[in-house]
Amino acid sequence: MFGGNPVGTNPEITKALTGDNPKQVNFLGRDSNRVNGNGELIDAWGTPYFFHQLSAMQMEIRSAGPDKIMWTGDDLVIK
């Protein structure tokens, strides 16, 4: 829709996904229970996601997983 992914820190990306974008589209919908008090998008265990921009069109998104510790064997990663 915008020719690329939002970039920046987790709070900056979350703002873009919740309507702070040129077309004011809220991609997360009305249910914002996945955003913590710091404005970060969080996983099912309440841990902020880690976003790594790979290119203008590809991003790696990492969840710390059930142990809530980033960079361990139970992390969930999607590109």
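Now for a description of the structure that goes with this document. (Residues numbered from 1 in each chain as written. Predicted model: local features only at pLDDT ≥ 70, side-chain atom pairs only at ≥ 80, totals over all residues. Heavy atoms only, no water.)

1. Some remarks on the packing of aromatic side chains
Consideration 1: Taken as a whole, this structure holds two aromatic pairs when the rule is applied.
Consideration 2: Here Tyr49 and Phe51 contribute two aromatic rings whose centre-to-centre distance is 6.4 Å and whose plane-to-plane angle is 50°, an arrangement assigned as tilted. (Phe/Tyr/Trp six-rings, centres within 6.5 Å; stacked < 30°, edge-to-face > 60°.)

2. Some details on the nonpolar core
Consideration 1: Listed in full, the five residues of the largest apolar core are Ile13, Leu17, Leu41, Phe51 and Met59.
Consideration 2: Excluding residues within four positions of it along the chain, Ile13 makes contact with Pro6, Val7, Gly8, Phe51 and Met59. (Core = buried A, V, L, I, M, F, W, Y, C linked by side-chain atoms within 4.5 Å. Buried < 20%, exposed > 50% of the residue type's maximum accessible area, 1.4 Å probe, protein only. Contact = heavy atoms within 4.5 Å.)

3. Focus on the sheet that holds strand β3 (residues 76–78)
Consideration 1: Taking strand neighbours across the sheet as the criterion, the three strands line up as β1-β2-β3 in an open arrangement whose pairing is antiparallel. The sheet is open, and its two borders are formed by β1 (50–53) and β3, each paired with just one other strand. For this sheet the average axis-to-axis angle between neighbouring strands, irrespective of direction, equals 15°.
Consideration 2: Judged from the three bridges that link them, strand β2 (residues 59–63) and β3 form a sheet pairing that is antiparallel. Residue pairing across strands places Arg62 opposite Val77, the latter belonging to β3. (Pairing = 2+ DSSP bridges. Helix = DSSP H or I, 4+ residues; strand = E, 2+ residues; numbered from the N terminus. Axes fitted to C-alpha atoms, helices over the stretch in contact; angles between N-to-C directions.)

4. A word on the side chain of Thr47
Consideration 1: Take Thr47: it is sitting in the loop between α1 (10–17) and β1.
Consideration 2: Accessibility expressed as a relative area gives 12% for Thr47, which makes it buried.
Consideration 3: Once you skip the residues sitting within four places of it in the chain, Thr47 turns out to touch Leu41, Ile42, Ala64 and Lys68.

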